[in-house]
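Architecture at a glance
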Amino acid sequence: DAEITQSPRHKITETGRQVTLACHQTWNHNNMFWYRQDLGHGLRLIHYSYGVQDTNKGEVSDGYSVSRSNTEDLPLTLESAASSQTSVYFCASSPSGTGGTDTQYFGPGTRLTVL
Amino acid sequence: AQSVTQPDIHITVSEGASLELRCNYSYGATPYLFWYVQSPGQGLQLLLKYFSGDTLVQGIKGFEAEFKRSQSSFNLRKPSVHWSDAAEYFCAVGVGGATNKLIFGTGTLLAVQP
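All of these numbers come straight from a predicted model, not from anything done at the bench.

A few words now on the side chain of H47 of chain A. All names here are of chain A. With respect to the secondary-structure elements, H47 resides in strand β5 (residues 42–51). Reaching out from H47, the side chain makes a polar contact with the backbone oxygen of Y64 at a distance of 3.0 Å. Ignoring anything within four residues of it in the chain, the contact list for H47 reads M32, F33, W34, N56, K57, G58, S61, Y64, S65, V66 and L76.

Here it is, written out as structure tokens:
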């Protein structure tokens, strides 16, 4: 069955380290998204991509980067981890929209703790 | 600016009772509206969505939602809650037409009493 996976599921790191969170989907969806979930804020969009070599900044992109070298993967990199980036991170994907907004399918999440 | 408001942070209902979770949105054009559910430690699962047509939308697990343009609302309802419905519920609005971006509310945590 097609799916979307994230790894690792849990990560503890230190301030200043570079961290990369993986997201892999097997639906062949063009659109992929990264969100962070924090208490009182719901889900906020970090970065998104509409296809290979395409990346865009979301609402809370500072300190994060993504790259899209193939359809299946959109890794999220924290260049220099900060305690404020302690959060739960969700990856999602959706098919290309044609005049409407398609359903986004979410991965299980990665809980990141920055000490 | 586009936004979604879920005024109830936490709701407790008894098993078998009816449920209504509130959602209000702010968006200038015709909205695309979604309800997602998140069980503890899990990702988000789509319950239902509204794009156009009938304003009463049926979803999975016995949920329904009604789009009311005059009130800018998209409230989620269930006639009889089961203990397994305990979870966090998120309302979202799709913005930007074909760009597929979503703006989420802050969520409502539902507890179900036996």
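With that out of the way, let us pick up the pairing of strand β9 (residues 87–94) of chain A. All names here are of chain A. Within β9, eight of the eight residues are buried, which leaves the element mostly enclosed by the surrounding structure. Burial along β9 is two-sided: the face carrying S87, Y89, C91 and S93 and the face carrying V88, F90, A92 and S94 are both buried. With seven bridges connecting them, strand β4 (residues 31–38) and β9 associate as antiparallel partners. From the neighbouring strand, R36 faces β9, where its bridge partner is Y89. Relative to strand β10 (residues 105–106), β9 runs antiparallel, the two sharing two bridges. Opposite S93, over in β10, you have Y105 as the bridge partner.

What follows covers the interface of chain A and chain B. On the side of chain B, 23 residues touch chain A, which itself brings 26 residues to the contact. Of the roughly 1,800 Å² buried where chain A meets chain B, counting both sides, 52% is carbon and sulfur surface. Viewed at the interface, chain B and chain A are joined by zero salt bridges. At the level of elements, β4, β5 and β9 of chain A are the ones that each hand at least two residues to the side of chain A that touches chain B. The greatest single-element share of the side of chain A that touches chain B, amounting to five residues, is contributed by β5 of chain A. Residue classes in the side of chain A that touches chain B are distributed as ten nonpolar, 14 polar and two charged.

The next subject is the pattern of salt bridges. This model, assessed by the stated rule, comprises seven salt bridges over all chains. As a salt-bridge pair, E64 of chain B and R77 of chain B come within 3.2 Å of each other at their nearest N and O atoms. Of the two residues, E64 of chain B is situated in strand β8 (residues 64–68) and R77 of chain B in strand β9 (residues 73–78); the sequence distance between them amounts to 13 residues. One salt bridge connects K78 of chain B with D85 of chain B, and the closest N-O pair in it is separated by 2.8 Å. Here K78 of chain B falls in the buried class, since its relative accessible area comes to 11%. Since its relative accessible area comes to 4%, D85 of chain B is described here as buried. Each of R36, D38 and R44 of chain A takes part in salt bridges that share partners, so that together they form one network.

Rules used in this analysis
- Residues numbered from 1 in each chain as written.
- Chains lettered and ligands numbered in written order.
- Predicted model: local features only at pLDDT ≥ 70, side-chain atom pairs only at ≥ 80, totals over all residues.
- Heavy atoms only, no water.
- Helix = DSSP H or I, 4+ residues; strand = E, 2+ residues; numbered from the N terminus.
- Polar contact = N/O pair within 3.5 Å; in protein donor to acceptor, adjacent residues only side chain to side chain.
- Contact = heavy atoms within 4.5 Å.
- Buried < 20%, exposed > 50% of the residue type's maximum accessible area, 1.4 Å probe, protein only.
- Pairing = 2+ DSSP bridges.
- Buried area = accessible area lost by both parts, 1.4 Å probe.
- Salt bridge = Lys/Arg side-chain N within 4 Å of Asp/Glu carboxyl O.
- Nonpolar A, V, L, I, M, F, W, Y, C, P; charged D, E, K, R; others polar.

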